[in-house]
There are 2 protein chains.
Amino acid sequence: CITRDDSSDETSLLMQLCAERYYISSEAFRTRSCTYGPLGTELKKNIIEQWTSAVRSRAYVFGINTSSLSRTCEEPVMIVDIRALNEILNQDSFTKDEASQKIQKLLKDSASVRTSLLQGALQQYAQALELVNRTLPFGLAEIGLCHHFDNQLRHSSSCSFEVTESSLVWFCSPRTSSQWMDYWAHQRLQWWRKFALGPSDFSMCNVVDEELREGTSHGVKILYKFPWGSETLETLWSLGDTQLIKTHQGSCINLQCRDGRKSVVPHVISVSANVDQGMLAYLFNSLQLLKKTDSKQKLHQRTVLKLHPSLTPVKVALDMGRGSNSELRQVCEGLLQEFLEVGISTWPGYLDTMSLSLENLHTKYDEMGVLFTVVVSESTLKSGLLLVRNRDTTIRETMHISEIKCYLLKYISASDNI
Amino acid sequence: CITRDDSSDETSLLMQLCAERYYISSEAFRTRSCTYGPLGTELKKNIIEQWTSAVRSRAYVFGINTSSLSRTCEEPVMIVDIRALNEILNQDSFTKDEASQKIQKLLKDSASVRTSLLQGALQQYAQALELVNRTLPFGLAEIGLCHHFDNQLRHSSSCSFEVTESSLVWFCSPRTSSQWMDYWAHQRLQWWRKFALGPSDFSMCNVVDEELREGTSHGVKILYKFPWGSETLETLWSLGDTQLIKTHQGSCINLQCRDGRKSVVPHVISVSANVDQGMLAYLFNSLQLLKKTDSKQKLHQRTVLKLHPSLTPVKVALDMGRGSNSELRQVCEGLLQEFLEVGISTWPGYLDTMSLSLENLHTKYDEMGVLFTVVVSESTLKSGLLLVRNRDTTIRETMHISEIKCYLLKYISASDNI
């Protein structure tokens, strides 16, 4: 998803760090595909989980799952059976016109790929009415793959790219739609800022009138200030009832809901975020360069990926200090299994037999955004004590092996409520 | 995903129930698209979560996220920019051969849609080696959208359909690959059966030699006995090293891992489940028809969707009994918010103002698979007591409003370990 010509220091530093630290594979930079390494995959999963729990914790929001293919043929890119197309092209007896007609027929029978989740939600509206007994407001939420198109890159191999979108389509009374628009815009900005190290880099702006599409009365964008400029993470559109009526042609009465004593066709607010872009924003936002001088007055730079504890992909790394390799490894494996069983995302650092100094280990884990580093050593075998280091405070403390799991679980669940 | 000619009673009963009870919209039956209602969406999400936590709880399994588009051009279906194709077809000056050449070039620059997650994982292998310091075994796990093709339906509008696949690609030493194959086959069958009401409907069989593809030494299928016959939910292939070497052409040394003192190119075991098909299997498996006679010796049939407590989409439904509507509604809304905040999936039954008898309400919720029904009534306002009914025991008990949340949380988390 990322090809930037920008070569500012911060950008290239982060890109290198992401490639080295298992977030985004180097290949993904080249091909603009959303191919993530284990840490990037986990970060994306965590963002999606937080988004879902934030949106679904509001009453009357229902999850839906719609097809990524669309039969409406309004999208510019289609899924085509190449064998069938080649059969037509290789049929010598066809004239050009005949071949062209056959191809058009093939296209007519093919499906397009969706560019947003809005249409799917609008189609589900009629069924959803039953859920809420025609009571407004309510919402339909979905997370799914969409294809975006870059017109400027058309005809090139990267004319389309995939994006994971999270979408909430909110149906409300026309009377209250502008209040709801304000409510959701506020909620969404707050959500982005909740997990940010520098919340002020996330901002909101109104869409200018010229950019509004037909039937849309108001638009709001949530932006992130990347080093190369601001880009949109999420958009909110107040769509009125135009698109809803268009989707359900000629059945306005069936679309009506109760608004007090009146029956109304609801207004639609569409909230849609680009999860991949959001992930990139959080990566940039959490990159912290710290300068410190050591005891010899030498200047050191510390690079830390201070991702929010709820989002950071690895909560704890397990490493071995000095001592009998095989015995320490057994302790590590036991702890790993114990952590995984309760869902603590753990990094098996002890597999790496290139023994790094503790200093270098911390550098590596800081760049990975690892929240805690646990070192098992000779003294663990004797007394059960582990060395536990916190990414954010850089404090190292000893802790008994029997306490570590509960400590981590408490820390992680507490950070959800920060 | 479901178009079956089978019209056995059980099938049509379940299909009707799924459409009426918000699992799979009626449209989805027709178009074979994976369009799910709120309950189907939640069920699918729960299956994916359970799959992920089962696979990821094993050490050395890393999550990855690869592109749903493939540039290898080996897949039969491609994503094509229709405007570019039409431009070529509408260009009068082109002869048929020229047009054909231009189209071939366009196709060459286009991407295919993936049919499985295997290729993506094999491509990530080299990067993943670094994670584990070339130590075997390890695995790469992914859940994502794939397109399947039905050759018999080719040229028709439903030639391709979407499937959510969950995939684990396991890299192990050639020495131990057959043991690992047995291990994973056993694990996977156990996993499917864990959530089943009738575990014996899930079975395992070896793939006959004729069905094995090149380089594949062994295959195992996990089947479910649907009313119309057995179908595959998950497949395990022991792929040897052929495909891994093919993917990373001509760099065998880079592929090597340590196996004791030797260096070996690992063998690959591919485990891949069709989540949509699995969801259907659990729906069929959990459908229970119970006959009972009432006090007047009249025979009643009770239909219950006895989905496993961890999988069932709605854990609790909130309803109002007799009493002041506005006051009871306030209590319901308070409880709803309280439940949603701790992640208990709750159904706002009180919105439905068509007052059903308690008997009819239970019938409806049994068909939805709702685990608990909580009724707020006049006595709740007086004494704080709620009526709580359990789907599986059908026992109704009273419980104080202050205790209900903890009770539900405990019940749900306990059921995870059944």
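Residues numbered from 1 in each chain as written. Chains lettered and ligands numbered in written order. Predicted model: local features only at pLDDT ≥ 70, side-chain atom pairs only at ≥ 80, totals over all residues. Heavy atoms only, no water.

Here we come to the side chain of Lys 364 of chain A. Residues and elements named next belong to chain A. Tracing the backbone shows Lys 364 in helix α12 (residues 358-368). On the basis of relative accessible area, Lys 364 is assigned to the buried category, the value being 11%. The residues touching Lys 364, leaving out its near neighbours within four places in the chain, are Arg 21, Tyr 22, Asp 352 and Leu 356. (Helix = DSSP H or I, 4+ residues; strand = E, 2+ residues; numbered from the N terminus. Buried < 20%, exposed > 50% of the residue type's maximum accessible area, 1.4 Å probe, protein only. Contact = heavy atoms within 4.5 Å.)

Here we come to the environment of Leu 107 of chain B. For Leu 107 of chain B, the position within the fold is in helix α5 (residues 96-108). Classification of Leu 107 of chain B as buried rests on a relative accessible area of 5%. Sequence-wise, Leu 107 of chain B and Val 80 of chain B are 27 residues apart; in three dimensions their C-alpha atoms are separated by 7.1 Å. Leu 107 of chain B has contacts with Ile 82 and Leu 85 of chain A together with Met 78 and Val 80 of chain B, leaving out every residue within four places of it along the chain.

Now for the relation of the copies chain B and chain A. With an axial shift of 0.0 Å and an RMSD of 0.0 Å, the rotation relating chain B to chain A amounts to 180 degrees. Given the turn and translation reported, the copies of this chain are related as if by a two-fold rotation axis. By residue overlap, the copies meet face to face through one surface: 100% of the interface positions of chain B are interface positions in chain A. (Least-squares fit on C-alpha atoms with pLDDT ≥ 70 in both.)

To locate leftover empty space, one rolls a probe as large as a water molecule over the atoms. If you walk through the whole model with that rule in mind, you get 10 cavities of 30 Å³ or more. Computed from the structure, the largest cavity encloses a volume of approximately 80 Å³. Every residue lining the largest cavity is listed: Ser 68, Leu 69, Ile 79, Val 113, Leu 145 and His 147 of chain A together with Ser 68, Leu 69, Ile 79, Val 113, Leu 145 and His 147 of chain B. Secondary-structure elements contributing two or more residues to the lining of the largest cavity are β5 (138-149) of chain A together with β5 (138-149) of chain B. Grouping the constituent residues of the lining of the largest cavity by class yields 8 nonpolar, 4 polar and no charged. (1 Å grid on protein atoms, 1.4 Å probe; cavity = no way out; pocket = protein on both sides within 12 Å on 5 of 7 lines; lining within 4 Å. Points joined across faces, edges and corners; volume = space filled by probe spheres on them. Nonpolar A, V, L, I, M, F, W, Y, C, P; charged D, E, K, R; others polar.)

Let us look at the pattern of salt bridges. Overall, the coordinates contain 28 salt bridges over all chains when judged by the stated rule. Note that Arg 175 of chain A and Asp 259 of chain A form a salt bridge whose closest N and O atoms lie 2.7 Å from each other. Here Arg 175 of chain A, found in the loop between β6 (160-172) and α7 (177-194), pairs with Asp 259 of chain A, found in strand β10 (residues 257-259); they are 84 residues apart in sequence, far enough to count as distant. Residue class for Arg 175 of chain A comes out exposed when judged on its relative accessible area of 58%. Notably, a salt bridge pairs Glu 234 of chain B with Arg 188 of chain B, separated by 2.8 Å at the nearest N-O pair. (Salt bridge = Lys/Arg side-chain N within 4 Å of Asp/Glu carboxyl O.)

The subject of this paragraph is the packing of aromatic side chains. We describe a pair of aromatic rings using the distance from one ring centre to the other and the angle between the two ring planes. Residue and element names in this part refer to chain A. Evaluation of the coordinates by the stated rule reveals 46 aromatic pairs over all chains. Geometrically, the ring pair formed by Tyr 125 and Phe 138 is stacked, given 6.1 Å between the ring centres and 15 degrees between the ring planes. Pair noted here: Tyr 125 is in helix α6 (residues 118-131) and Phe 138 is in strand β5, with a separation of 13 residues, a long-range link. Residue Tyr 125 shares its accessibility class with Phe 138, and that shared class is buried. Among the aromatic residues, those joined into a cluster by ring pairs are Trp 191, Trp 192, Phe 195, Phe 202, Tyr 224, Phe 226, Trp 228, Tyr 282 and Phe 284. (Phe/Tyr/Trp six-rings, centres within 6.5 Å; stacked < 30°, edge-to-face > 60°.)

You'll often see interface size given as the accessible area lost when the parts meet. Residue-level contacts link 81 residues of chain B with 82 residues of chain A. In total, about 7100 Å² of surface goes out of reach between chain B and chain A, with carbon and sulfur atoms giving 53% of it. Of all residues in chain B, the largest losses of buried area upon contact with chain A belong to Tyr 60, Asn 65 and Lys 96 of chain B, amounting jointly to 10% of the total for that side. Here chain B and chain A share 2 salt bridges between them. With 7 residues, the top contributor of residues to the side of chain B that touches chain A is helix α4 (residues 82-90) of chain B. Class assignment of the residues belonging to the side of chain B that touches chain A gives a composition of 32 nonpolar, 30 polar and 19 charged. Alignment of strand β3 (residues 77-81) of chain A against strand β3 (residues 77-81) of chain B, held across 5 bridges, turns out to be antiparallel. The partner of Met 78 of chain A across the bridge, within β3 of chain B, is Val 80 of chain B. (Buried area = accessible area lost by both parts, 1.4 Å probe. Pairing = 2+ DSSP bridges.)

Moving on: the nonpolar core. If you look at the biggest cluster of nonpolar residues, it comprises 105 residues, and the most contacted ones within it are Phe 138 and Phe 171 of chain A together with Tyr 282, Leu 283 and Trp 347 of chain B. Setting aside residues up to four positions removed in sequence, Trp 347 of chain B forms contacts with Phe 62 and Leu 131 of chain A together with Tyr 22, Leu 39, Val 314, Val 316, Ala 317, Leu 318, Tyr 365 and Met 368 of chain B. Membership of the second largest hydrophobic core comes to 104 residues, among which are Ile 47, Met 181 and Cys 332 of chain A together with Tyr 60 of chain B. (Core = buried A, V, L, I, M, F, W, Y, C linked by side-chain atoms within 4.5 Å.)

Here we come to the sheet that holds strand β16 (residues 346-347) of chain A. All names here are of chain A. Across the sheet, 5 strands lie side by side as β16-β15-β17-β18-β19; this open sheet has mixed pairing. The outermost strands of the open sheet, each flanked by one partner alone, are β16 and β19 (396-400). As paired elements, strand β15 (residues 316-320) and strand β17 (residues 372-376) share 5 bridges and run parallel to each other. Residue pairing for β17: Met 320 is matched across the bridge by Val 376.

Right, let's get into the sheet that holds β3 of chain B. The 6 strands lie next to each other as β2(A)-β4(A)-β3(A)-β3(B)-β4(B)-β2(B), forming an open sheet whose pairing is antiparallel. Either end of the sheet is taken by a strand with one partner, and the two such strands are β2 (69-70) of chain A together with β2 (69-70) of chain B. When β3 of chain A meets strand β4 (residues 111-113) of chain A, the two strands line up antiparallel, connected through 2 bridges. Within β4 of chain A, the residue paired with Ile 79 of chain A across the bridge is Ala 111 of chain A. Where α4 of chain B meets the sheet, its contacts fall on β3 of chain A together with β3 of chain B, and the angle it forms with β3 of chain B comes to roughly 75 degrees. (Axes fitted to C-alpha atoms, helices over the stretch in contact; angles between N-to-C directions.)

Within helix α4 (residues 82-90) of chain A, burial applies to Ile 82, Ala 84, Leu 85, Ile 88 and Leu 89 of chain A. Taken down its axis, α4 of chain A places every buried residue within 165 degrees of arc, on the same side. Packed against the buried residues of α4 of chain A are β3 and α5 (96-108) of chain A together with β3 and α5 of chain B. One side-chain oxygen at the N-terminal end of α4 of chain A lies 3.0 Å from the backbone nitrogen of Arg 83 of chain A; it belongs to Asp 81 of chain A. (Arc of directions from axis to C-beta. Polar contact = N/O pair within 3.5 Å; in protein donor to acceptor, adjacent residues only side chain to side chain.)

Omega for the peptide link from Leu 136 of chain A to Pro 137 of chain A comes to -10 degrees, which places this bond in the cis form. When you line up the elements, Pro 137 of chain A lands in the loop between α6 and β5. At Tyr 60 of chain B, a residue that is not glycine, the phi angle is positive and equals roughly 65 degrees. With respect to the helices and strands, the residue Tyr 60 of chain B is situated in the loop between α3 (38-56) and β1 (61-63).

In this section: the side chain of Asn 46 of chain B. Residue and element names in this part refer to chain B. Along the chain, the position of Asn 46 falls in helix α3. With relative accessibility at 8%, the residue Asn 46 sits in the buried group. Filtering out sequence-adjacent residues up to four positions away, Asn 46 remains in contact with Ser 310, Leu 311, Thr 312, Pro 313 and Lys 315.

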